[in-house]
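A structural walkthrough
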Amino acid sequence: MPFTANRQFKASPRLLARASGMHYWTADGRQILDAVAGLWCVNAGHGRTEIAQAVARQLETLDYAPGFQMGHASAFTLANELTRLTPAGLDRVFFTNSGSESVDTALKIAVAYHRVRGEPGRTRLIGRERGYHGVGFGGISVGGIPANRRMWSAVTLPGVDHLPHTHDAAKNAFSRGAPEHGAQLADELERLVALHDAANIAAVIIEPIAGSTGVLIPPRGYLQRIRQICDKHGILLIFDEVITGFGRTGSAFAAQEFGVTPDLMTLAKGLTNGSIPMGAVVAKKSIYDAFMQGPDGIELFHGYTYSAHPAACAAGLATLGIYQQERLLTRAKTLSGAWESAAHDLRSLPHVLDIRNYGLILGIELEPLAGKPGARAFEAFLRCFERGVFIRTTGDTIALSPPLIIENAQIDQIFTTLREVLSRG
Ligand SMILES: Cc1ncc(COP(=O)(O)O)c(C=O)c1O
């Protein structure tokens, strides 16, 4: 099982049987409030019949279309619809099947882009400590989670370096929204440029808000400075928006929320509301155009059997339709005040070291049990699940990201349950 304590799970399985709106139901019939949108993906809530029907119609009409040297209309329609939401200038789309594939695709595009423009030396990639970019060799190489790299450290990509992470508990604990201290950490990029020489660096990849290592919100001004330094040195900036995309922050994408436009962005999860696996890389037109200058023929030797799978495109189109009709991409803004104050009310509970939030994202960092990292948060996860609320934990941080259709009463239920569970110490 993926990222699962297999033996613990099999001794005490947690099986989900169905889902609708804000809820799951377990195989034994218990209703569970979903405070994680599945895994940061079911942004429009569960069981959307519009999506199910669109997928069924598509499978009956055109079940599969090869993407190599062939196409089908809904792939292009989805690309067009998607780029109506992405920041201006990011309007070329390459479809994948997951966040990990999107990351590998974006890294490969970045390196190839410099090569087709006559700068083949620009191959180095820069990620960040505590970054998560999926589990492909590219993703774990630029990622910065020790446990995800340890087993493969000798076989990760060469030519990768990492920026320091931006978490500064001493200065920023219990920040509401973007923390005040830490913009200068972006200047570490100048240090890496001096060390490796800009002429050898292809791209910097970061999550605007890091989710999987415990919800790290960018310090004010940090992303802007990273952008400036990349521009100064001709380095491409990739935002991994696999979890921040599709309304999580209160804007369609974190790029718009923070007013910083990357050169490439990686997407997945919310693109199809989690219903059918699909990811995408969105690139600036200038990047696409660079590939179109060479001799006629295949411009990019890259792609997947299931790139732009018709069923995934149908799911994506139906999902984007729901987001727009129900104004879900900005709904987090309306709810974030209630979310934030309910969250910070937990501040004085035992073992709470930090609470950090943005849009409909929350991290509650707990003090680890001596010698048992992750155990305290995992215990909280089990207790919440017993009480009918599904939360997610990463290390000793509880990380929440509910569907964007959440109502105030459900926000109350989440935090009342967390209070009960955390009060027990
Ligand atoms: C920022 C980020 N990038 C990439 C991924 C990998 O996505 P997937 O699990 O679909 O491969 C994730 C998954 O959580 C993610 O949070």
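Going by the structure above, here's the rest.
Below is a short write-up of the structure.

With respect to the packing of aromatic side chains
- The tally for this structure, following the rule as stated, stands at 10 aromatic pairs.
- Considering the side-chain rings of W339 and F415, the 5.2 Å spacing of their centres and the 70° angle between planes classify their relative orientation as edge-to-face. With W339 in helix α14 (residues 331-344) and F415 in helix α16 (residues 408-423), this pair connects stretches of sequence that are 76 residues apart.
- When the centroid spacing of 6.3 Å and the interplanar angle of 70° are considered together, the rings of F381 and F390 count as edge-to-face. The same class applies to F381 as to F390, namely buried.
- Clustering of aromatic rings is evident, with ring pairs tying together Y24, F378, F381, F385 and F390.

Overview of the sheet that holds strand β11 (residues 352-358)
- Reading across the sheet, the 4 strands line up as β11-β12-β15-β14 and stay open at both edges, with antiparallel pairing between neighbours. At either margin of the open sheet sits one strand with a lone partner, and together these are β11 and β14 (392-394). When strand polarity is set aside, the average angle formed by the axes of neighbouring strands in this sheet is 20°.
- Judged from the 6 bridges that link them, β11 and strand β12 (residues 361-366) form a sheet pairing that is antiparallel. Among the inter-strand pairings, V352 is bridged to a residue of β12, identified as L366.
- Across the sheet, helix α15 (residues 375-386) is in contact with β12, β14 and β15 (397-400); its angle to β14 comes to roughly 175°.
- With respect to the sheet, α16 is in contact with β11, β12 and β15, its orientation differing from that of β15 by roughly 170°.

Things to note about the site of the ligand
- If you check the shell around the ligand, you find S98, G99, S100, Y132, H133, G134, E207, S212, D240, V242, I243 and K269 and nothing else.
- Between the ligand and the protein, one listed contact pairs an oxygen atom with a side-chain N or O atom of S100 at 2.6 Å.
- Between the ligand and K269 there is a distance of 3.0 Å, counted from an oxygen atom to a side-chain nitrogen or oxygen.
- For the ligand, whose unbound accessible area comes to 390 Å², protein coverage reaches 83%.
- For the shell around the ligand, the class distribution of residues is 3 nonpolar, 6 polar and 3 charged.

Topic: the packing of helix α3 (residues 49-61) against helix α13 (residues 310-325)
- Put simply, α3 and α13 touch, their axes get as near as 8 Å, and they point 150° apart. Comparing the axis directions of α3 and α13 gives the class roughly antiparallel. Of the two elements, α3 crosses α13, and the hand of that crossing is right-handed. Each of E50, I51, A54, V55, Q58 and L59 in α3 lies in contact with α13, whose residues at this interface are P310, A311, A314, A315, A318, T319 and I322.
- Split by residue class, the contact of α3 with α13 holds 10 nonpolar, 2 polar and 1 charged.

Let's talk about the nonpolar core
- Of all hydrophobic cores here, the largest spans 102 residues; its most connected members are I414, F415 and L418.
- Sorting elements by how many residues they give to this core places α13 first, with 9 residues.
- Apart from residues lying up to four places away in sequence, L418 is in contact with L346, I364, C384, I391, I398, L400 and S423.
- By size, the runner-up hydrophobic cluster in this structure holds 20 residues, among which are Y113, L236, I238 and L264.

Some thoughts on the side chain of H302
- Here H302 is to be found in the loop between α12 (285-291) and α13.
- Here H302 falls in the buried class, since its relative accessible area comes to 18%.
- Polar side-chain contacts of H302 include one of 2.7 Å to the side chain of T105.
- Within the structure, H302 has its side chain in polar contact with the side chain of K108 (distance 2.9 Å).
- Sequence-distant contacts of H302, that is, excluding residues within four places in its chain, are made with F94, T105 and K108.

Notes on the sheet that holds strand β13 (residues 389-390)
- If you trace the 4 strands from one edge of the open sheet to the other, you get β1-β2-β3-β13, paired in mixed fashion. In the strand order of this sheet, the two ends are held by β1 (16-20) and β13, each with one partner.
- Looking at chain direction, strand β3 (residues 31-34) and β13 are connected through 2 bridges and run parallel. Bridge pairing in β13 links L33 to V389.

Some words on the pairing of strand β8 (residues 236-240)
- Burial analysis of β8 places 5 of its 5 residues in the buried class, which makes it a mostly covered element.
- Residues L236, I238 and D240 point to one face of β8 and L237 and F239 to the other, with burial holding for every one of them.
- Strand direction decides the pairing type here: strand β7 (residues 201-206) and β8, joined by 4 bridges, are parallel. What sits directly across from I205, in β8, is I238.
- Since β7 and β8 lie parallel, the crossover through helix α10 (residues 222-233) that links them has a hand, and here it is right-handed.

Structural notes on the state of the cysteines
- Inspection of every chain in the model, using the stated rule, returns 0 disulfides.
- The thiol sulfur of C41 is not disulfide-bonded, and the nearest other cysteine sulfur, from C313, lies at 18 Å.
- Under the relative-accessibility criterion, C313 is labelled buried at 0%.

Quick notes on the pattern of salt bridges
- In total, this model carries 21 salt bridges according to the counting rule given.
- Residues R225 and D187 are paired through a salt bridge, measuring 2.6 Å at the closest nitrogen-oxygen approach. Placement of the pair is R225 in helix α10 and D187 in the loop between α8 (169-172) and α9 (188-196), with a sequence separation of 38 residues.
- Taking the relative accessible area as the measure of exposure, R225 reaches 30% and is therefore partly exposed.
- A network of salt bridges, in which partner residues are shared, links R227, D231, D263 and K284.

The rules behind the values
Residues numbered from 1 in each chain as written. Predicted model: local features only at pLDDT ≥ 70, side-chain atom pairs only at ≥ 80, totals over all residues. Heavy atoms only, no water. Phe/Tyr/Trp six-rings, centres within 6.5 Å; stacked < 30°, edge-to-face > 60°. Helix = DSSP H or I, 4+ residues; strand = E, 2+ residues; numbered from the N terminus. Buried < 20%, exposed > 50% of the residue type's maximum accessible area, 1.4 Å probe, protein only. Pairing = 2+ DSSP bridges. Axes fitted to C-alpha atoms, helices over the stretch in contact; angles between N-to-C directions. Contact = heavy atoms within 4.5 Å. Near = heavy atom within 4 Å. Polar contact = N/O pair within 3.5 Å; in protein donor to acceptor, adjacent residues only side chain to side chain. Areas by Shrake-Rupley, 256 points an atom, 1.4 Å probe, with all protein chains shown as cover. Nonpolar A, V, L, I, M, F, W, Y, C, P; charged D, E, K, R; others polar. Parallel < 35°, antiparallel > 145°, perpendicular 65-115°, else oblique. Left-handed = near helix turned anticlockwise from the far one by under 90°. Core = buried A, V, L, I, M, F, W, Y, C linked by side-chain atoms within 4.5 Å. Right-handed = clockwise from strand over helix to strand, strands pointing away. Disulfide = S-S within 2.5 Å. Salt bridge = Lys/Arg side-chain N within 4 Å of Asp/Glu carboxyl O.

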